[in-house]
Amino acid sequence: VLTSDIRNRRMRRGVGISGLSKAKAQNDKFKEVGQEIAEVQIDQMQQQLETFKKNLETFASRYKNEIRKSPEFRKHFNEMCAKIGVDPLASNKGFWAQMLGVGDFYYEIAVQVIELCIQTRSINGGLMDMNDILERLRKKRGAQARLISVDDVTRAMTKLKVLGSGFEVLRIGSRTMLQSVPMEISNDHTTILLYAQERGFVTYSMIRRELNWSKDRIDVVLNMLMQASIAWLDQQGEEEQYWIPTLFFGRNLK
C-alpha cells in the first residue's frame, strides 16, 4: 500500500509539472501573438499618419495663400497640424518653411512682441492685454504686412518657453494677457485683476465689500502689484485707487 501511495504521488507531481509547463508555453504563445498584433497595428497607424501628413502637405500647397493672408484660416490650419502631431513651427528649414514661410513669420512676430514688451514694461509692469499688443503690432508692421491675430501671437510666444524666457499667456476673465516678466501670479492676484476689469482700478473698500478679505491679505496683493509696476496708485480722490494700466489701455482698444 505504501509503495502504491508513493507511486501515485509521483504521478500527480509529474502531471502537475507537465501542466505548468504547458500553461507557460501557452502564455508565451499568447504574448507572441499579442506582440505580432501590436506591431501590425503600429505599422497601420504609422501608414495612416504618413497618409495624413501627405494630405496635409497637399492641402497646404493648395491653400498656401489663404494660410499666409488669413489669421482665421491659419488658426484652423495650425489646429489640423496639431491633431496629427505636425509642428510647422519646429524649424525654419524643410517643407513647411519653404512652402509657407511659417517659421520666419512666427519668429518675426516673437521678436516684435519682445521689443514691445521691453518698451512698455515701465508702464505696465510686464503685463499686457492682447488687444493692446495687436494694435501696437499692426501699427508697427504697417498696412502691407500680413494680418495677425491673438492666436498668432500666442503660438509665437509659446515657442519661446523652451528658452525659459519668462513669457506666459494668461487668461484672466474675458481677457487674454501676456506676462513678460518671470513673476508668480497667484489666485489672489488673478482675482484682483479680474475684479478690476470693469473699471480699470480697485480700492480697499471695493475689495473688502465684494471679496470680504482682511486688510493684511489686501496689503500683500496690492503691494506686490505695486512693486511689479502692474498697479499704479492714485491718491487724488477721496479714497486711494489702484489702477491697472494694461486693463485700462486694453479696454479702450476693444
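Scroll up for the structure.
Residues numbered from 1 in each chain as written. Predicted model: local features only at pLDDT ≥ 70, side-chain atom pairs only at ≥ 80, totals over all residues. Heavy atoms only, no water.

Student: Looking at this structure, how should I read the packing of aromatic side chains?
Tutor: Each aromatic ring pair is characterised by the separation of its centres together with the angle its planes make. Going through the model one piece at a time under the given rule, you end up with two aromatic pairs. Here Phe201 and Trp243 contribute two aromatic rings whose centre-to-centre distance is 4.7 Å and whose plane-to-plane angle is 40 degrees, an arrangement assigned as tilted. Placement of Phe201 in strand E4 (residues 201-202) and of Trp243 in strand E6 (residues 241-243) is noted, with a sequence separation of 42 residues between them. Its relative accessible area of 23% is what places Trp243 among the partly exposed residues. On the numbers, 6.2 Å between centres and 65 degrees between planes, the contact of Tyr204 with Tyr242 is edge-to-face. Here Tyr204 is found in helix H9 (residues 204-211), whereas its partner Tyr242 is found in strand E6, with 38 residues between them in sequence. (Phe/Tyr/Trp six-rings, centres within 6.5 Å; stacked < 30°, edge-to-face > 60°. Helix = DSSP H or I, 4+ residues; strand = E, 2+ residues; numbered from the N terminus. Buried < 20%, exposed > 50% of the residue type's maximum accessible area, 1.4 Å probe, protein only.)

Student: What's the story with the packing of helix H6 (residues 130-141) against helix H7 (residues 150-158) in this structure? I'm lost.
Tutor: In a packed pair of helices, the relevant descriptors are the angle between the two axes and the axis-to-axis distance. Where H6 contacts H7, the two axes come as close as 10 Å, and the packing angle between them is 95 degrees. With respect to their mutual orientation, H6 and H7 come out roughly perpendicular. Within the contact between the two elements, H6 uses Met130, Ile133, Leu134 and Leu137 and H7 uses Val150, Val153 and Thr154. Across the contact of H6 with H7, the residue classes break down as six nonpolar, one polar and no charged. (Axes fitted to C-alpha atoms, helices over the stretch in contact; angles between N-to-C directions. Parallel < 35°, antiparallel > 145°, perpendicular 65-115°, else oblique. Contact = heavy atoms within 4.5 Å. Nonpolar A, V, L, I, M, F, W, Y, C, P; charged D, E, K, R; others polar.)

Student: What should I look at first to understand H6 in this one?
Tutor: Residues spaced three or four apart along an α-helix point in a common direction, a consequence of the helix completing one turn every 3.6 residues. Taking 1.5 Å of rise per residue, 12 residues should cover 16 Å, and H6 covers 16 Å from first to last C-alpha, within 8% of that figure. The set of residues buried in H6 consists of Met130, Asp132, Ile133, Leu134, Leu137 and Arg141. For H6, the side-chain oxygen to backbone nitrogen distance between the N-cap and Asn131 is 2.7 Å, and the N-cap itself is Asp129. Trailing H6 by a residue or two, Gly142 shows a phi angle of about 90 degrees, which is positive. (Expected span 1.5 Å × (residues − 1). Polar contact = N/O pair within 3.5 Å; in protein donor to acceptor, adjacent residues only side chain to side chain.)

Student: Hey, could you run me through the side chain of Arg175 in this one?
Tutor: Within the secondary structure, Arg175 is located in strand E3 (residues 175-179). Looking at Arg175, its side chain comes within polar contact range of the side chain of Asp129, at 2.6 Å.

Student: What's the story with the sheet that holds strand E5 (residues 232-234) in this structure? I'm lost.
Tutor: Within a sheet, each strand pairs with its neighbour through backbone hydrogen bonds, oriented either parallel or antiparallel. With antiparallel pairing, the three strands of this open sheet are ordered in space as E4-E6-E5. Two strands in the sheet have a free side with no partner beyond their single neighbour: E4 and E5. As paired elements, E5 and E6 share three bridges and run antiparallel to each other. By the bridge assignment, Trp232 is partnered in E6 with Trp243. (Pairing = 2+ DSSP bridges.)

Student: Explain the pairing of strand E2 (residues 168-172) here, please?
Tutor: The pairing of E2 with E3 spans five bridges and is classified as antiparallel. In the sheet register, Glu168 faces E3, and the bridge partner there is Gln179. Linking E2 to E3, which pair antiparallel, is a turn of two residues; within it Gly173 sits at a positive phi near 65 degrees.

Student: Whenever I open this one, the sheet that holds E2 confuses me. Can you help?
Tutor: Strand order in the open sheet formed by three strands is E1-E3-E2, with antiparallel pairing between adjacent strands. Each edge of the sheet is formed by a strand with only one pairing partner; in this case those strands are strand E1 (127-129) and E2. On average, each strand axis in the sheet is tilted by 30 degrees relative to the strand beside it, whichever way the strands run. Across the sheet, H6 touches E1, E2 and E3, and the angle it forms with E1 is around 75 degrees.

Student: Mind showing me how you'd approach the pattern of salt bridges here?
Tutor: All told, the structure shown has eight salt bridges when counted by the stated rule. The salt bridge partner of Lys140 is Glu115, with a shortest N-O separation of 3.7 Å. Of this pair, Lys140 sits in helix H6 while Glu115 is found in helix H5 (residues 102-124), placing the two residues 25 residues apart along the sequence. Given a relative accessible area of 48%, Lys140 falls into the partly exposed group. Residue Glu115 is classed as partly exposed on the basis of its relative accessible area, which comes to 35%. (Salt bridge = Lys/Arg side-chain N within 4 Å of Asp/Glu carboxyl O.)

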